[in-house]
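# Remarks on the overall topology
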Amino acid sequence: MNRETEIILSEIQTVFSKINDQHVATLVDMFTTPSRIFVLGEGRSGLIAKSFAMRLMHLGFQVYVVGETITPSVKAGDVLVAISGSGTTANVVQTAEKAKKTGVTVVSVTSDSASPLANLSHQTIDIPAATKYRKEGEIQSKQPLSSLFDQAVHIYFDAVCMALMETQQSGNEDAFQRHSNLE
């Protein structure tokens, strides 16, 4: 393994040593009752949100990416997962505020549990990894910008999906049946 890969893996392990493991179970519980799940993020966080939405779809959930042309309106009982490393991304915070006013349960995924996004959320998933702002309290990184945050969030969401599979007693074959077949 090369030095850069070792650094990345070490940084990810450091982040996960600080994450509250109970939040995986909290998200699993939240996802078993909503009618629909919406995901939101900007930039690379938006790409991670789309990746999570895709995997949730594979697991049989009704999931939408905020901002896509086929995304319906939200309603009370829905869940919004909003990702922002800083917790201050204007579009993410404003959308989460609107969703909360509509009766949507807002889950924030951020490195700043005192951020505007975290403060308006019903549940905050604290991922204490370095973001592009390199704030005090974030786990430091040699990687550029918010790479460590993005990597940790992606792995965290995969852990949530694995836990959901166990809860649903489903496996790879069930997910494969929902996988795109037009490729």
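Structural notes, computed from the coordinates. (Residues numbered from 1 in each chain as written. Predicted model: local features only at pLDDT ≥ 70, side-chain atom pairs only at ≥ 80, totals over all residues. Heavy atoms only, no water.)

### Section: the packing of aromatic side chains
Across all of its chains, the model carries 5 aromatic pairs by this definition. Between Phe-31 and Phe-52, the ring centres sit 6.1 Å apart and the planes meet at 40°, which makes this aromatic pair tilted. With Phe-31 in helix H2 (residues 22-32) and Phe-52 in helix H3 (residues 43-58), the pair connects residues that are 21 residues apart, well separated along the chain. The buried category is assigned to Phe-52, whose relative accessible area is 2%. One aromatic cluster is present, formed by Phe-31, Phe-52, Phe-61, Tyr-156 and Phe-157 through successive ring pairs. (Phe/Tyr/Trp six-rings, centres within 6.5 Å; stacked < 30°, edge-to-face > 60°. Helix = DSSP H or I, 4+ residues; strand = E, 2+ residues; numbered from the N terminus. Buried < 20%, exposed > 50% of the residue type's maximum accessible area, 1.4 Å probe, protein only.)

### Observations regarding the sheet that holds strand S5 (residues 123-126)
Taken in spatial order, the 5 strands make up an open sheet running S2-S1-S3-S4-S5, and their pairing is parallel. The outermost strands of the open sheet, each flanked by one partner alone, are strand S2 (63-65) and S5. With direction set aside, neighbouring strand axes in the sheet form an average angle of 20°. One ladder, built from 5 bridges, connects strand S3 (residues 79-83) with strand S4 (residues 105-110); its direction is parallel. Looking at S4, one finds that Val-79 is bridged to Thr-105. (Pairing = 2+ DSSP bridges. Axes fitted to C-alpha atoms, helices over the stretch in contact; angles between N-to-C directions.)

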